[in-house]
Amino acid sequence: MHLAPYLQGLGIGASLIIAIGAQNAFVLTQSLRRNHHMAVAALCALIDVVLITAGVAGVGTAVAASPLLRQGAAVGGAVFLAWFGFGALRSALRPGILEADRAVGDGGRTSLRRVLGATLAVSLLNPHVYLDTVVMLGGISGHYPAPERLSFGAGAATASCLWFFALGGCGRVLAPLFRKPVAWRVLDGSVCLVVWGVALSPARQAWAG
Ligand SMILES: NC(=[NH2+])NCCC[C@H](N)C(=O)O
């Protein structure tokens, strides 16, 4: 294991993942509801590990080289983020509609299958996930010689695991704050703005172009 590339992978992986977006908002919501939150965190971490491995193995370079794949991902991603943001806007404007869903604690649990299905959707249909793992981390890892590339990938995978388990576990601490409906409205409103901002961001369009 090479320490310097490992730490670089850890730092770059963390800085890419920490910004709030659709996936983080979803994990945080399940954590606040204690809705199979550790299974959700584990699935997100697992998906990251698999995609980072693919990126480090060279898939990212191939995707970036294909205009068709890039544009397909960009259009699909914008549609997904627009739809996800619309859901957040709806619950910010009419918090009552999701009341049962939003109960803090054990009141709002849905079946494990449904929650894991939603986790897969919010991860695998989300362009940010591929951009971070396959394209960015995969692309940066290409600058290292092979053994150091593996250490870089291991560092990035460590960042993902630490982040998702921390986010999944933090609901217990934040739960008292989210007993007030207004806190959910603020969270949902911010998520809507951020997600729509990402859907329209010039960086994403440049990537598509
Ligand atoms: N490494 C990742 N899984 N990145 C994608 C998720 C990160 C992004 N901030 C979000 O919450 O949507």
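Residues numbered from 1 in each chain as written. Predicted model: local features only at pLDDT ≥ 70, side-chain atom pairs only at ≥ 80, totals over all residues. Heavy atoms only, no water.

For the protein, the name recorded in an unreviewed UniProt entry is LysE/ArgO family amino acid transporter, with Nitratidesulfovibrio liaohensis as its organism. In the Subcellular location (unreviewed entry) part of its UniProt record, the protein is described as follows: "Cell membrane". (UniProt positions renumbered as here; feature names shortened; annotations may be inferred.)

### A closer look at the site of the ligand
Taken together, 13 residues surround the ligand, and among them Ala19, Gln23, Asn24, Asp48 and Asp132 come closest. In this structure, alanine 22 approaches the ligand through a main-chain N or O atom, which is 3.2 Å from an oxygen atom. Interatomic distance of 2.8 Å between a backbone N/O atom of asparagine 24 and an oxygen atom of the ligand. Notes on the ligand: free accessible area 340 Å², of which the protein chains cover 98%. Contributing elements (two or more residues each) for the shell around the ligand: α2 (22-33) and α8 (127-141). By residue number, the principal contributor to the shell around the ligand is α8, which donates four residues. (Near = heavy atom within 4 Å. Polar contact = N/O pair within 3.5 Å; in protein donor to acceptor, adjacent residues only side chain to side chain. Areas by Shrake-Rupley, 256 points an atom, 1.4 Å probe, with all protein chains shown as cover. Helix = DSSP H or I, 4+ residues; strand = E, 2+ residues; numbered from the N terminus.)

### Examining the nonpolar core
Counting 26 residues, the largest nonpolar core has Ala22, Phe84, Phe164, Leu187 and Val191 as its most contacted members. Looking at this core, the elements with two or more residues in it are α2, α3 (37-56), α5 (67-93), α7 (112-124), α9 (146-169) and α11 (181-200). Residues within four places of leucine 187 in sequence aside, it is in contact with Leu28, Leu32 and Phe178. Ranked by size, the runner-up nonpolar core spans seven residues in total, among them Val56, Leu137, Ala156 and Ala157. (Core = buried A, V, L, I, M, F, W, Y, C linked by side-chain atoms within 4.5 Å. Buried < 20%, exposed > 50% of the residue type's maximum accessible area, 1.4 Å probe, protein only. Contact = heavy atoms within 4.5 Å.)

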